[in-house]
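Architecture and fold: a report
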Amino acid sequence: MKKPYKNGILLAATSNSAFAIGTMVANIAEVMSGEVDIFYIVHDGFTQSELEAFDRVAGGAKIKFISFTKDDFAKRLKPHTNNQNILNSPFFSRWTHMAYGMFEPLLLLDECECIVYLDFDILLLKGIGELFRLKGYHFSAHRGKSLLNPTLRDYNGEFKDCRVYRSGIVAYYDTIPNPKECYNQIYNYSAKYGANDQGVLSLLILDNKFKVKNLGYEYTGSTYWRKSIGASIIHAWGRDGRFWNNELVYQFWGEIWDKYYQKWLKCGGSEYKGGFICKANYAIERIRYHLAYKLGYAMIENHTTIFGKIKLPFILLAIALKHRRQKIEYHKIIQTKPNLKVPPIEHYEDYRSALAEKQSAPYRLGQALIKATKTWYKGGLIKLYFEINEIKRDKVAKTYKSRVL
C-alpha cells in the first residue's frame, strides 16, 4: 500500500529551543526545496505562536507536531523497569530526555517511507536528498570511534568492542522489520544497560543485524571549518559549542546560520534570549587537524590487512600533499574572509585538556613517522620500527585497543 509520505525529516527539541529547530526548518526548506514531504517536530511544550511559526517557515511542506515530555519518556521506560532513577543518571546530567526523541521515527514508518533524524544543532550546507533514495538498507548513520562499552557501561555482551553509531544524523527506512517492536527494544536496552542514545541505537542495529549505510565525514562536518570543506552538514555539538552561544563558532558560521534565524523570526518565531557562553572550545579538533594526527590515524586504520599495508605509503603521501595544499589555500582564503582566521590554539578555553590528545596513539605515531622521514639517512626508518613497538606497549595507546598496531 502506498504511504502518505515518501520523505520526512524529524527534529526534536525542548521548549526553550524552538528557535533552534525553527531555524533548521527554514534552512532545510531552502536547501532542500521540494524534497521534504513532511517535517516531524518532536517537542515538550512549544507555544501556539511557535507552532504557527513552524507552519509558516516550512516552505509548503506538511508539519506534524509530536509531544514528548519527560513524563512520556518515563512512561515508555516503565514497562521495562521499576527503577525510574534512570533520569538521574550521568547521561541525563548532560543531556535531556529529548535525546530519545530521535527514536520516534520507528513509530512513524507506517506512514512515511524514509525519515531522516537530524540533531537540533545542525546546519545544512547542501541537500541530503540522496539519503531518501538509498535502497537495500535499514538505517543510514555515521560510525564513530567509541566502543559500545564504555558507551553502555553495563553492557558486556558480544558487541562490547564494536564501534558505536553516532546519533547526529540517522536515516530510518521502512525496510526495518517490526519498527514498533524495535522502539520497545530501545527502552528495554536502556532499562538493562543505562541510558545513552548512541549506545542503544548501536545495540539495536548490531543485535538485529540490520544493514546500515555508513555515512562519511561529509555528514558530520565540524564547526572547525578547515576540517569541513566539502561537507554537507555542519554539526555544532556540545552544550557550549552551538551556533548561537559560542563566539568562535558564530564567527565562522554566524552569517549563514543567522540568515535562517532571521527567516524564523520574520515568521513570528521566538527569539534566542541568551548570549555567548563560551569564546572558543573544542581545541581537540585543532589538534586532530595536525599532520601528525592525520598520518598516525591512517597508519592505524590501514595496518590490519596486507592490501592496507601495500597501499599505506601512497595514502600517507596523499595525506601529506593534501595537508600542504590546504595550508596554502587557508592563507589565501583568510585574505578575503578574515572572519575565518582561526585564533592561536592557546586562546581556546579547553586548550590544556586538549593537549592530552598529543599523547594519543595516532598523534605519537604520526610524529614518529615525520621525524623518521626527516632523518631517513641517519637510520630514521629503523628507529621508527622501535618507536612503533614502544607506542604499542604504552598505556595511553590502550585507548585505541580495538585498532592497535
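Overview of the structure. (Residues numbered from 1 in each chain as written. Predicted model: local features only at pLDDT ≥ 70, side-chain atom pairs only at ≥ 80, totals over all residues. Heavy atoms only, no water.)

Examining the pattern of salt bridges
- One pass over the full model with this rule turns up eleven salt bridges.
- One salt bridge in this structure joins E30 and K259, with 2.8 Å as the shortest N-O distance. On the criterion of sequence distance, the pair formed by E30 in helix α1 (residues 18-31) and K259 in helix α8 (residues 247-266) is long-range, its members being 229 residues apart.
- E30 sits in the partly exposed class, given a relative accessible area of 31%.
- We classify K259 as partly exposed; its relative accessible area is 42%.
- We note a salt bridge from R133 to E35, for which the minimum N-O separation is 3.3 Å. Of this pair, R133 sits in the loop between β5 (122-124) and β6 (139-147) while E35 sits in the loop between α1 and β2 (38-43); the two residues are 98 residues apart in sequence, bridging distant segments of the chain.
- Overall, E35 belongs to the partly exposed group, its relative accessible area being 27%.
- Three or more residues joined by partner-sharing salt bridges are found here, namely E30, K259 and K263. (Salt bridge = Lys/Arg side-chain N within 4 Å of Asp/Glu carboxyl O. Helix = DSSP H or I, 4+ residues; strand = E, 2+ residues; numbered from the N terminus. Buried < 20%, exposed > 50% of the residue type's maximum accessible area, 1.4 Å probe, protein only.)

Focus on the side chain of E285
- Mapping E285 onto the fold places it in helix α9 (residues 283-287).
- You can call E285 buried: its relative accessible area is 11%.
- Excluding its chain neighbours within four sequence positions, the residues that come into contact with E285 are S222, Y224, K227 and W237. (Contact = heavy atoms within 4.5 Å.)

A closer look at the sheet that holds strand β4 (residues 112-118)
- Here seven strands make up an open sheet; going across it, the order is β3-β2-β1-β4-β7-β6-β8 and the pairing mixed. The open sheet is flanked by β3 (62-67) and β8 (212-214), the only strands paired with a single partner. Direction aside, the axes of adjacent strands within the sheet are offset by 30 degrees on average.
- Bridging between β2 and β3 involves six bridges; their strand directions are parallel. Residue Y40 lies in a different strand from β3, and its bridge partner there is K64. (Pairing = 2+ DSSP bridges. Axes fitted to C-alpha atoms, helices over the stretch in contact; angles between N-to-C directions.)

What about the nonpolar core?
- Of all hydrophobic cores here, the largest spans 71 residues; its most connected members are I28, F39, V116, L118 and I128.
- Dropping the residues within four chain positions of it, F39 is found in contact with I9, V25, I28, A29, A58, A61, K62, I63 and K64.
- One finds F92, F103, V170 and L204 within the second-largest nonpolar core, a separate group that totals 49 residues. (Core = buried A, V, L, I, M, F, W, Y, C linked by side-chain atoms within 4.5 Å.)

Comments concerning helix α13 (residues 361-374)
- End to end, α13 covers 20 Å across 14 residues, agreeing with the expected 20 Å (1.5 Å per residue, within 8%).
- All of the buried residues along α13 are A361, P362, Y363, R364, L365, G366, A368, L369 and A372.
- The secondary structure elements touched by the buried residues of α13 are α9, α10 (291-302), α11 (306-336) and α14 (380-393). (Expected span 1.5 Å × (residues − 1).)

Observations concerning the environment of D207
- Along the chain, the position of D207 falls in helix α7 (residues 197-207).
- For the pair formed by D207 and Y173, sequence separation is 34 residues and the distance between their alpha carbons is 17 Å.
- Those residues in contact with D207, other than ones at most four positions away along the chain, are F159 and Y189.
- Of the polar contacts made by the side chain of D207, one reaches the side chain of Y189; its length is 2.7 Å. (Polar contact = N/O pair within 3.5 Å; in protein donor to acceptor, adjacent residues only side chain to side chain.)

Re empty space enclosed by the protein
- Taken as a whole and assessed by the stated rule, the structure comprises four cavities of 30 Å³ or more.
- Roughly 100 Å³ of internal volume is contained in the largest cavity.
- In terms of lining, the largest cavity is formed by T223, Y224, N246, L248, V249, F252, A280, N281, Y282, E285, R286 and Y348.
- Listing elements by their share of the lining of the largest cavity, those giving two or more residues are α8 and α9.
- Ranked by residues supplied to the lining of the largest cavity, first place goes to α8 with three residues. (1 Å grid on protein atoms, 1.4 Å probe; cavity = no way out; pocket = protein on both sides within 12 Å on 5 of 7 lines; lining within 4 Å. Points joined across faces, edges and corners; volume = space filled by probe spheres on them.)

A few points about a nonpolar patch on the surface
- Taken together, the side chains of W376, Y377 and L381 define a hydrophobic patch exposed on the protein surface, amounting to about 400 Å² of accessible area.
- Position of L381 relative to the elements: it lies in helix α14. (Patch = residues over 30% accessible without salt bridge, like charges linked within 9 Å, V, L, I, M, F, W, Y side chains within 5 Å. Areas by Shrake-Rupley, 256 points an atom, 1.4 Å probe, with all protein chains shown as cover.)

Everything listed is a geometric property; what it means functionally is a separate question.
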